[in-house]
Amino acid sequence: MQTLENKVAVITGAGSGIGEGIARAAAAAGMQVVVADIDLASAQRVADSIGEQAMACYVDVTQLDSVEAMRDAALHHFGAVHLLCNNAGVWIGALMVEADIKDWQFLVNVNLFGVIHGIKAFLPLLVEQGEGHIVNTASMGGLISGPPEGLYTTTKFAVVGLSESLLMEVADKGVGVSVLCPGLVDTNLTTKSFEVRPAQFDPGVRHDQPAPDTASGLSPLAVGERVVDAVREGEFYIITHDDYRDIIAMRHQGIIDALDAHARRYGSTSGRDTQ
Ligand SMILES: NC(=O)c1ccc[n+]([C@@H]2O[C@H](COP(=O)([O-])OP(=O)(O)OC[C@H]3O[C@@H](n4cnc5c(N)ncnc54)[C@H](O)[C@@H]3O)[C@@H](O)[C@H]2O)c1
C-alpha cells in the first residue's frame, strides 16, 4: 500500500508500547488511526495526544464480537479501514513442566485468538474493497524458541504460520500481509500482562521465570516507523533486530540436516511415502 495519506489504520494494543509506536508513526505518515485497547484510558490518552486524526476505541481481542464492534466503530467514524495491525499481546515466562492450563489459555486467547478474530472481522472487508494490508505482531519468539518462553513462542510461531499462509491466500486480491518479529522493545509488556489478565485465567499459584529486560530494548516508535515503511514497501517479514541471525540460521540448518539425514537413511521419498 504505497500511499498512506488519509488512509485508515486500526491498531490493537495501541494504548501502550509497540501499538502506540505504530499509531504515532501511522499518524505521522498522514493516516487516520483507531487506537484500540482493552485499557480504554490508555487508548484515550494516546489518541488525545495524536489529535483529531485519531480515535480511541475499547476492544478485547479475545472476544470476536468486541473486535467486530471495533471494526464497525472504525467504519462509522472514518468510513473505511485500510490497515489492520493485530498487535495486542501478552507475555508469560513459565516452564512447561510447571505452567498451569490457565497460563496457556490466557496466552492463546490473547496472542493467537486475538489475531484470528482480527482476520475474521476484517479480512472479508479488505478483500471486497480490493485494497488493504494486515500486520500481525508475532515476535522473534515466533522464529526461534527456548525456555522459559515455551508458552509464548507457541502462540508466536502460530502467528508466523498463520501470516505466511494468509500472504499466499490473498496475494492476488490486493491485500498485503506482514508479520512483525521484533526482539526486545522497551514497552510495558511484562507488567501489563499481569494487569490485563482476567481473574478466570489466574492460576493462583505462579511459577514465573525472570522477565526479559525489555527496558534495554528498542524504542516503540522506531518499531512503529519500521512497520509503516514495511506496509509502504509491501515487506512480509518485518525484522527490527539483527542480533538473532546465527540462532535462526542454526534452527533452519537443523531442519535441512534432518531432511538430508532422512534422504541418506531412507532414500528420496515424496507424496504418500513421506506421511
Ligand atoms: N516488548 C517486546 O520486547 C516485544 C518483543 C516482541 C514482540 N512483542 C509483541 O508486541 C506486541 C505489543 O506488546 P508490547 O511489548 O507493546 O506490550 P505493552 O504491554 O506495552 O502493550 C500491549 C497492549 O496490549 C493491550 N492488551 C492486552 N490484552 C488485550 C486484549 N485482550 N485486548 C486488547 N488489548 C489488549 C494492553 O493493554 C497493552 O496496552 C505483543 O503482541 C507482544 O507479544 C513485544
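So, here is what we can say about the structure in this document. Just so it is clear, the model here is predicted, and its values are computed rather than measured.

For helix 1 (residues 17-28), with twelve residues, the first-to-last C-alpha span of 17 Å sits near the 16 Å given by 1.5 Å per residue. Along helix 1, ten of the twelve residues are buried, which leaves the element largely enclosed by surrounding structure. Every buried residue of helix 1 is accounted for by Gly17, Ile18, Gly19, Glu20, Gly21, Ile22, Ala23, Ala25, Ala26 and Ala27. Buried residues along helix 1 sit in contact with strand 1 (8-12), strand 2 (32-37), helix 2 (40-50), strand 4 (83-86), strand 6 (175-181) and helix 7 (220-233). In the stretch just after helix 1, glycine 30 is the one whose phi turns positive, near 95°.

To continue, consider the state of the cysteines. Enumeration according to the criterion identifies zero disulfides in this entry. Distance from the sulfur of cysteine 181, which forms no disulfide, to the nearest cysteine sulfur (cysteine 85) is 14 Å.

As a further point, take the packing of aromatic side chains. Tallying each qualifying case throughout the model produces one aromatic pair. A ring pair is formed by phenylalanine 236 and tyrosine 237, whose centres lie 4.6 Å apart and whose planes are at 70°; its orientation type is edge-to-face. Among the residues examined, tyrosine 237 registers a relative accessible area of 39% and is labelled partly exposed.

It is worth spelling out the site of the ligand at this point. Residues in contact with the ligand amount to 29 residues; listed here are only the nearest, Ser16, Ile18, Asp37, Tyr152 and Thr187. One nitrogen or oxygen atom from the side chain of serine 16 is found 2.6 Å from an oxygen atom belonging to the ligand. A distance of 2.6 Å separates an oxygen atom of the ligand from a polar atom in the side chain of aspartate 37. Its free accessible area being 830 Å², the ligand has 98% of it covered by the protein chains.

Along strand 1, five of the five residues are buried, which leaves the element largely enclosed by surrounding structure. Here strand 1 shows two buried faces, one formed by Val8, Val10 and Thr12 and the other by Ala9 and Ile11. The handedness of the strand 1 to strand 2 crossover, carried by helix 1, is right-handed. With three bridges connecting them, strand 1 and strand 4 associate as parallel partners.

Calculation notes
Residues numbered from 1 in each chain as written. Predicted model: local features only at pLDDT ≥ 70, side-chain atom pairs only at ≥ 80, totals over all residues. Heavy atoms only, no water. Helix = DSSP H or I, 4+ residues; strand = E, 2+ residues; numbered from the N terminus. Expected span 1.5 Å × (residues − 1). Buried < 20%, exposed > 50% of the residue type's maximum accessible area, 1.4 Å probe, protein only. Contact = heavy atoms within 4.5 Å. Disulfide = S-S within 2.5 Å. Phe/Tyr/Trp six-rings, centres within 6.5 Å; stacked < 30°, edge-to-face > 60°. Near = heavy atom within 4 Å. Polar contact = N/O pair within 3.5 Å; in protein donor to acceptor, adjacent residues only side chain to side chain. Areas by Shrake-Rupley, 256 points an atom, 1.4 Å probe, with all protein chains shown as cover. Right-handed = clockwise from strand over helix to strand, strands pointing away. Pairing = 2+ DSSP bridges.

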